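Summary of the model geometry
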Amino acid sequence: MGASCAEYIAIKDFASEVVLLDIREGFAEGKAMDLMQTASLNGFDTKITGVTNEYSKTANSDVCVITSGIPRKPGMTREELIGINAGIVKSVTSSLIEHSPNTILIVVSNPMDTMAYLTHQSTNLPKNRIIGMGGALDSARFKYRLAEALDAPISDVDGMVIGMHSDTGMIPLTRLATRNSVPVSAFLSSDRLEQVKEDTKVGGATLTKLLGTSAWYAPGATVSAMVQAIACDQKKMFPCSVLLDGEYGLKDLCIGVPVILGRNGIERIVELELTDAEKTNMLESAEAIRNVNSLL
Ligand SMILES: NC(=O)c1ccc[n+]([C@@H]2O[C@H](COP(=O)([O-])OP(=O)(O)OC[C@H]3O[C@@H](n4cnc5c(N)ncnc54)[C@H](O)[C@@H]3O)[C@@H](O)[C@H]2O)c1
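Everything numeric in this text was worked out from a predicted model, so none of it was measured.

**Re the overall build of the protein**
Of regular secondary structure, the protein possesses 10 helices and 13 strands. Its C-alpha atoms give the protein principal-axis dimensions of about 55 × 45 × 35 Å. Per-residue burial over the protein gives 50% buried out of 296 residues. If you take every contact in the protein between residues at least 6 apart in sequence, the share linking residues at least 24 apart comes to 69%. Computed over 27 positive and 35 negative side-chain charges, the separation of the two mean positions in the protein equals 0 Å.

This is the structure we're talking about:
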């Protein structure tokens, strides 16, 4: 999905340069060359290069996206990846920061909320500069499912998913989802909305079962939108996994909540008024994240 992310960044043509880095000899070089050969066709000027473990070539990056690690196979949970991915994320992050001390990090590798927390612990960077990607993708999947249920174009639909980036810990906020400002509950029965919620929660697992590995187009597009919001100082709102310090009554963990993304990374955490049921879901989600964090 790192290559997919680079492709969407290039197509949007807002970045001067993207460097792909991989541990596998020649792989990032090959991906970069293939992508650059689409430049004249897709009309972008972004320069994409690929390197094998040569972190000096990533020096002074404004944003670094960490997608290194193993993806899940059908039937696996994201949490099962922790053993291998924790070591990879820690070493990759430390090498990146060595060459780009002022960078903003977007953590994608799973289990993402725990990897974002680990990145805080291992780097001690200011909390506005570490952003976990999960909720923004889950929200895109939520909108896809809402549009399907409403038989509406996706541009008519708005909705957001907060909480843990996991099959059970995600919280699709059906109460706040709308079709052109009208609550979706005006169009859909509570049973149908419940189905939308459940389909959203297993969005990643459904694709993993179909593809045999984790998805890449929507994750890549999501990260590219987040990178653009930061690079172009757009001040756009996305649910992201961020370190909380009392917001939502939680602290010392990374969990998905709406934030404003701009040139400083996390410009602001947005605190929503949740119902009692949503607050309970949030506490359960936080508990599940703490359980995975305790495996670090
Ligand atoms: N947060 C999300 O919403 C989200 C979405 C999709 C995928 N993911 C996660 O992102 C990760 C990557 O998924 P993918 O489908 O791209 O997997 P992939 O196997 O296609 O790519 C991972 C790449 O990481 C490289 N790598 C492994 N160790 C490395 C190291 N030490 N240094 C540099 N590169 C290294 C591998 O060689 C491989 O090319 C997985 O953990 C997956 O679960 C998260």
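**Points about the site of the ligand**
Taken together, 23 residues form the shell around the ligand, and within it Met1, Asp22, Ile70, Asn110 and Met133 come nearest. In this structure, a nitrogen atom belonging to the ligand sits 2.8 Å away from a main-chain N or O atom of Met133. Relative to its unbound accessible area of 850 Å², the ligand is 83% covered by the protein chains. Residue contributions to the shell around the ligand peak at three residues, all from helix α4 (residues 82–99). Here the residues of the shell around the ligand are counted per class, giving 14 nonpolar, eight polar and one charged.

**Examining the pattern of salt bridges**
Going through the model one piece at a time under the given rule, you end up with 11 salt bridges. Measuring nitrogen to oxygen at the nearest pair gives 2.8 Å for the salt bridge that ties Lys235 to Asp233. Residue classification places Lys235 among the partly exposed positions, given a relative accessible area of 44%. Note that Asp245 is salt-bridged to Lys251, the shortest N-O span being 3.8 Å.

**Describing the pairing of strand β13 (residues 265–269)**
With four bridges connecting them, strand β12 (residues 251–262) and β13 associate as antiparallel partners. Bridging from a neighbouring strand, Leu261 pairs with Ile266 of β13. With antiparallel pairing between neighbouring strands as the criterion, β12 and β13 make up a hairpin whose turn holds two residues.

**Describing the nonpolar core**
In this structure, Ile106, Met226, Ile255, Val257 and Leu261 are the most contacted members of the largest nonpolar core, which totals 68 residues. Dropping the residues within four chain positions of it, Leu261 is found in contact with Ile131, Met226, Ala229, Ile230, Gln234, Lys235, Lys236, Phe238, Cys240, Ile266 and Glu267.

**Points about the environment of Leu283**
Considering the arrangement of structural elements, one finds Leu283 in helix α10 (residues 276–293). In this structure the C-alpha to C-alpha distance between Leu283 and Gly220, which are 63 residues apart in sequence, comes to 29 Å.

**Digging into the packing of helix α6 (residues 135–150) against helix α7 (residues 190–201)**
Remark: α6 packs on α7, axes separated minimally by 9 Å, with the N-to-C direction vectors making an angle of 145°. The handedness of the crossing between α6 and α7 comes out as right-handed. Across the interface between the two elements, Asp138, Arg141, Phe142, Arg145, Leu146 and Ala149 of α6 pack against Arg192, Leu193, Val196, Asp199 and Thr200 of α7. Taken together, the residues of the contact of α6 with α7 sort by class into five nonpolar, one polar and five charged.

**Thoughts on the packing of aromatic side chains**
According to the stated counting rule, one finds one aromatic pair in the structure shown. We note Arg24 situated over the ring of Phe27; from NZ or CZ to the ring centre the distance is 4.0 Å. The ring of Phe187 has Arg179 sitting right over it, with the charged end atom 5.8 Å from the ring centre.

**A short note on unusual backbone geometry**
Note that the residue after Asn110, namely Pro111, is joined by a cis bond; omega there is -5°. Checked against the element boundaries, Pro111 lands in the loop between β4 (104–107) and α5 (112–123). For Asp151, which is not glycine, the phi torsion reads 55° and is therefore positive. Topologically, Asp151 is positioned in the loop between α6 and β6 (157–158).

**A look at the side chain of Thr93**
Along the polypeptide, Thr93 turns up in helix α4. Under the relative-accessibility criterion, Thr93 is labelled buried at 1%. Excluding residues within four positions of it along the chain, Thr93 makes contact with Ile66, Leu105, Thr119 and Thr123.

Cut-off values and rules
- Residues numbered from 1 in each chain as written.
- Predicted model: local features only at pLDDT ≥ 70, side-chain atom pairs only at ≥ 80, totals over all residues.
- Heavy atoms only, no water.
- Helix = DSSP H or I, 4+ residues; strand = E, 2+ residues; numbered from the N terminus.
- Buried < 20%, exposed > 50% of the residue type's maximum accessible area, 1.4 Å probe, protein only.
- Contact = heavy atoms within 4.5 Å.
- Lys, Arg positive; Asp, Glu negative; His and termini not counted.
- Charge placed at Lys NZ, Arg CZ, Asp CG, Glu CD.
- Near = heavy atom within 4 Å.
- Polar contact = N/O pair within 3.5 Å; in protein donor to acceptor, adjacent residues only side chain to side chain.
- Areas by Shrake-Rupley, 256 points an atom, 1.4 Å probe, with all protein chains shown as cover.
- Nonpolar A, V, L, I, M, F, W, Y, C, P; charged D, E, K, R; others polar.
- Salt bridge = Lys/Arg side-chain N within 4 Å of Asp/Glu carboxyl O.
- Pairing = 2+ DSSP bridges.
- Core = buried A, V, L, I, M, F, W, Y, C linked by side-chain atoms within 4.5 Å.
- Axes fitted to C-alpha atoms, helices over the stretch in contact; angles between N-to-C directions.
- Left-handed = near helix turned anticlockwise from the far one by under 90°.
- Phe/Tyr/Trp six-rings, centres within 6.5 Å; stacked < 30°, edge-to-face > 60°.
- Lys NZ or Arg CZ within 6 Å of the ring centre and 35° of its normal.

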